[in-house]
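# Close look at the chain arrangement
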Amino acid sequence: MKTAVIVFPGSNCDRDMAVALETVTGRAPAMVWHRETELPDGIEFIALPGGFSYGDYLRSGAMAARSPILRSVADAAGRGVPVLGVCNGFQVLTEAQLLPGALMRNAGLNFVCRSVPLTVENSQSLFTAGYKAGEAIDIPVAHHDGNYFADAETLDRIEGEGRVAFRYADNVNGSARSIAGVLSGAGNVLGMMPHPERAIDRAHGGTDGLRLFEAALGVLA
Amino acid sequence: MKVQVYVTLKPGVLDPQGKAIHHALEGLGFGGVSDVRAGRFIELEVADDVSDTDLDAMCAKLLANTVIENYRIERA
């Protein structure tokens, strides 16, 4: 499977994401610089990695969402290509309006960096089919701006449509309704603050992130 | 000419930074402050013929996230 990792100035989880994709597919992803205007032909999966794109200046993800390559990412998402945004990648997806809501400063104002328990809310999506609904998993977080916000009407709608992929079992950042990961209406775009690419190897202390990649990349055992 | 843009969180959106500032003011012994909201101030130096429509588009497309923020534009 041909995959791509979009790299912004300030991305710092791009290599972790590349390792995760190569581990699961056996093939190194294309690393696509933010100033590119086209994705390589035949890309079947796109990842927006964590980090601090453009130094988090203005707002986390704001400038990355307006970078040239994002137009191609949005086009691909519109054609149904799976797009995964993790941490800063989630912020970019909301700023690009590919996902609803916004990510604000953590309610406790602290940078939170530890493994957190999540509940799998939706096990029907292409990203979460490897989990059971209601399953508890542990995935690391590392962020300052992970406090998910959307107005009540939007929250009701995404909950009603089954678009909450993951919730925090312990709400570490004050997110509305403890939401940790959100799916697009068509289900092929997932944004999440926790880092599944940091939980694919036993040396990481856990492998609960592996099944997300296995499911999304079509190699679920 | 200078254009000043004030970006503020919408009413009802939790403002953790404002709360921290409020707490710090109380810690300094200042009473009578009932709430603090933090925002962002952006000053642009623009040509005189830049239109209001363009300034509004700059705010809506980049300078403010209208999911959570309001903005106000003042020509100096």
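Residues numbered from 1 in each chain as written. Chains lettered and ligands numbered in written order. Predicted model: local features only at pLDDT ≥ 70, side-chain atom pairs only at ≥ 80, totals over all residues. Heavy atoms only, no water.

Chain B goes by Phosphoribosylformylglycinamidine synthase subunit PurS in an unreviewed UniProt entry, where it is assigned to Sphingopyxis macrogoltabida. Database annotation for chain B, UniProt heading Catalytic activity (unreviewed entry): "N(2)-formyl-N(1)-(5-phospho-beta-D-ribosyl)glycinamide + L-glutamine + ATP + H2O = 2-formamido-N(1)-(5-O-phospho-beta-D-ribosyl)acetamidine + L-glutamate + ADP + phosphate + H(+)". Of the comments in the UniProt record for chain B, the one headed Subcellular location (unreviewed entry) reads "Cytoplasm". (UniProt positions renumbered as here; feature names shortened; annotations may be inferred.)

The name given to chain A in an unreviewed UniProt entry is Phosphoribosylformylglycinamidine synthase subunit PurQ, with the source organism recorded as Sphingopyxis macrogoltabida. Database annotation for chain A, UniProt heading Subunit (unreviewed entry): "Part of the FGAM synthase complex composed of 1 PurL, 1 PurQ and 2 PurS subunits." Its UniProt record gives chain A the following Subcellular location (unreviewed entry) comment, quoted word for word: "Cytoplasm".

A count of helical and extended segments in chain A gives five helices and eleven strands. Against the compact-globule benchmark of 17 Å for 221 residues, chain A has a radius of gyration of 15 Å, which places it among compact chains. Taken over the C-alpha atoms alone, chain A extends approximately 40 × 40 × 35 Å along its principal axes. Residues classed as buried in chain A amount to 57% of the 221 residues present. Here the contacts in chain A between residues at least 6 apart in sequence split such that 73% fall between residues at least 24 apart. About 8700 Å² of surface is accessible on chain A, with carbon and sulfur atoms providing 47% of the total. In chain A, the 18 positive side-chain charges and the 24 negative ones have mean positions that sit 2 Å from each other. (Helix = DSSP H or I, 4+ residues; strand = E, 2+ residues; numbered from the N terminus. Rg over C-alpha atoms; globule rule 2.2 N^0.38 Å. Buried < 20%, exposed > 50% of the residue type's maximum accessible area, 1.4 Å probe, protein only. Contact = heavy atoms within 4.5 Å. Areas by Shrake-Rupley, 256 points an atom, 1.4 Å probe, with all protein chains shown as cover. Lys, Arg positive; Asp, Glu negative; His and termini not counted. Charge placed at Lys NZ, Arg CZ, Asp CG, Glu CD.)

This part takes up unusual backbone geometry. Residues and elements named next belong to chain A. Here Leu58, not a glycine, exhibits a phi torsion of approximately 70°, which is positive. Residue class for Leu58 comes out partly exposed when judged on its relative accessible area of 23%. Despite not being glycine, Arg177 shows a phi value in the positive range, around 50°. Relative to the assigned elements, Arg177 resides in the loop between strand S9 (164–168) and strand S10 (179–183). Relative accessible area serves as the criterion here: at 33%, Arg177 is assigned to the partly exposed category.

Take the pattern of salt bridges next. In total, this model carries 17 salt bridges over all chains according to the counting rule given. Notably, a salt bridge pairs Arg59(A) with Glu95(A), separated by 2.6 Å at the nearest N-O pair. With Arg59(A) in the loop between strand S3 (45–48) and helix H2 (68–78) and Glu95(A) in helix H3 (residues 88–95), this pair connects stretches of sequence that are 36 residues apart. Each member of the pair Arg59(A) and Glu95(A) is classed as buried. A salt bridge links Glu45(B) to Lys2(B); its shortest N-O distance comes to 3.1 Å. Separated by 43 residues along the polypeptide, Glu45(B) in strand S2 (residues 39–45) and Lys2(B) in strand S1 (residues 2–9) bring together distant segments of the chain. In this structure Glu45(B) comes out as exposed when scored by relative accessible area, which is 57%. Looking at Lys2(B), the relative accessible area reads 38%, which means it is partly exposed. A cluster of three or more residues bridged by salt bridges with shared partners is formed by Arg59(A), Arg66(A), Glu95(A), Arg40(B) and Glu69(B). (Salt bridge = Lys/Arg side-chain N within 4 Å of Asp/Glu carboxyl O.)

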